[in-house]
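What follows is the residue order along each chain.
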Amino acid sequence: MDSNPPPKADPTPPTQSESAPPSRYESQKRRDWNTFLQYLKNHKPPLTLARCSGAHVIEFLKYLDQFGKTKVHVTGCGFFGHPNPPAPCACPLKQAWGSLDALIGRLRAAYEENGGRAESNPFGARAVRIYLREVREGQAKARGIPYEKKKRKRLPVVGGASSSGEPTGEGKEGVSSDADATATATAAASAAPPPPSSSSGGGGGGDAGVAVSTAAVASTSV
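Residues numbered from 1 in each chain as written. Predicted model: local features only at pLDDT ≥ 70, side-chain atom pairs only at ≥ 80, totals over all residues. Heavy atoms only, no water.

### Brief notes about unusual backbone geometry
A cis geometry characterises the amide bond from lysine 44 onward to proline 45, with omega recorded as -10 degrees. Among the structural elements, proline 45 can be located in the loop between helix H2 (24-42) and helix H3 (54-63). (Helix = DSSP H or I, 4+ residues; strand = E, 2+ residues; numbered from the N terminus.)

Okay, structure coming up:
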């Protein structure tokens, strides 16, 4: 007869963080944050996060335009405002507004999760919001595809008050395009030129390559 006692169960079950991998959103947010930090390091002159302003965030968004895949027609193009051009043209490819908007939402959250104060968050600066609005309006005219705000869904009234469930950020159309473009942007970034020393103001955006990997930015010669 076997006298050995049965094995005891582990009294400490694995935690959720140990048993489940991070979500796709959390993984992308971490990559975006590391990429932005590497961009600041490569900047000439190098920038610290404490000195980063809304103008530097706009500069970063313009830098990402080189990885875009959205055709944005210029005013003189015969296809300006045409949603389905019948032939190719020489107009530039840029980042889509929706992709840039989704990126800013992730970086804004990552900034505060890494110790930044909400009141000094450069990703929530008014200049960045204005820039994104200009990109949205400019691309809507150039591509002939208006961006319509989705109506908020009202939740049932609880305790005499109503609320709405709406994600933060200017828009949601670019979330899927941002995810689909990750691989293309990562490959393209390996041959990217150095970021500009300084710039600010408005401009265009594109749907292909917001999620540039940290290794790709690190390989950029500065």
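### With respect to the packing of aromatic side chains
Ring pairs (aromatic) are described by centroid distance and by the angle formed between their planes. The final tally for this structure, using the stated rule, is 9 aromatic pairs. Ring geometry for tyrosine 111 versus phenylalanine 123: centroids 6.2 Å apart, planes at 70 degrees, classification edge-to-face. One end of the pair, tyrosine 111, is in helix H4 (residues 97-113); the other, phenylalanine 123, is in the loop between H4 and helix H5 (126-143), and 12 residues separate them in sequence. On the basis of relative accessible area, tyrosine 111 is assigned to the buried category, the value being 9%. Through pairs of rings, three or more aromatic residues link up here, namely Trp33, Phe36, Tyr39, Phe60, Tyr63, Phe67, Tyr111 and Phe123. One residue, arginine 136, lies across the ring of tryptophan 97, its end atom 5.7 Å from the ring centre. (Phe/Tyr/Trp six-rings, centres within 6.5 Å; stacked < 30°, edge-to-face > 60°. Buried < 20%, exposed > 50% of the residue type's maximum accessible area, 1.4 Å probe, protein only. Lys NZ or Arg CZ within 6 Å of the ring centre and 35° of its normal.)

### Thoughts on the packing of H3 against H5
Viewed as axis vectors pointing N to C, H3 and H5 meet at an angle of 30 degrees, and their least axial separation amounts to 8 Å. With respect to H5, the element H3 is oriented roughly parallel. Along this stretch, H3 crosses H5, giving a crossing that reads as right-handed. In this structure, H3 uses Gly54, Val57, Ile58, Leu61 and Lys62 to contact H5, whose residues at the interface are Ala127, Val128, Tyr131 and Leu132. Across the contact of H3 with H5, the residue classes tally to 7 nonpolar, 1 polar and 1 charged. (Axes fitted to C-alpha atoms, helices over the stretch in contact; angles between N-to-C directions. Parallel < 35°, antiparallel > 145°, perpendicular 65-115°, else oblique. Left-handed = near helix turned anticlockwise from the far one by under 90°. Contact = heavy atoms within 4.5 Å. Nonpolar A, V, L, I, M, F, W, Y, C, P; charged D, E, K, R; others polar.)

### Comments concerning the nonpolar core
Counting 25 residues, the largest nonpolar core has Phe36, Phe60, Leu61, Ile104, Leu107, Phe123 and Leu132 as the members making the most contacts within it. Secondary-structure elements contributing two or more residues to this core are H2, H3, H4 and H5. The residues contacting leucine 61, other than those within four sequence positions of it, are Leu100, Leu103, Ile104, Tyr131 and Leu132. (Core = buried A, V, L, I, M, F, W, Y, C linked by side-chain atoms within 4.5 Å.)

### Focus: a positive patch on the surface
On the surface, a cluster of positive charge is contributed by Arg108, Arg126, Arg129 and Arg133. Sorting elements by how many residues they give to the positive patch places H5 first, with 3 residues. Tracing the backbone shows arginine 133 in helix H5. Its relative accessible area of 35% is what places arginine 133 among the partly exposed residues. (Patch = residues over 30% accessible without salt bridge, like charges linked within 9 Å, V, L, I, M, F, W, Y side chains within 5 Å. Areas by Shrake-Rupley, 256 points an atom, 1.4 Å probe, with all protein chains shown as cover. Salt bridge = Lys/Arg side-chain N within 4 Å of Asp/Glu carboxyl O. Lys, Arg positive; Asp, Glu negative; His and termini not counted. Charge placed at Lys NZ, Arg CZ, Asp CG, Glu CD.)

### Concerning H5
The end-to-end C-alpha distance of H5 is 26 Å, a good match for the 26 Å that 18 residues give at a rise of 1.5 Å each. Among all positions of H5, only Val128, Tyr131, Leu132, Val135, Arg136, Gln139, Ala140 and Ala142 are buried. On the buried face of H5, the contacting elements are H3 and H4. After H5 finishes, the residue glycine 144 shows a positive phi value of roughly 70 degrees. (Expected span 1.5 Å × (residues − 1).)

### What about the environment of lysine 69?
Examined against the element boundaries, lysine 69 turns out to sit in the loop between H3 and strand S1 (70-71). For lysine 69, a relative accessible area of 49% gives the class partly exposed. Separated by 23 residues in sequence, lysine 69 and proline 92 place their C-alpha atoms 8.8 Å apart.

### Let's talk about the pattern of salt bridges
Inspection of every chain in the model, using the stated rule, returns 4 salt bridges. Of the charged contacts in the structure, one is a salt bridge between lysine 29 and glutamate 113, with a shortest N-O distance of 2.6 Å. Separated by 84 residues along the polypeptide, lysine 29 in helix H2 and glutamate 113 in helix H4 bring together distant segments of the chain. Looking at lysine 29, the relative accessible area reads 3%, which means it is buried. Judged by relative accessible area, which is 52%, glutamate 113 ranks as exposed. With a closest N to O distance of 3.9 Å, glutamate 119 and arginine 117 form a salt bridge. Residue classification places glutamate 119 among the exposed positions, given a relative accessible area of 64%. Classification of arginine 117 by relative accessible area gives exposed; the value is 54%.

Everything listed here is a matter of geometry and, on its own, says nothing about what the molecule does.
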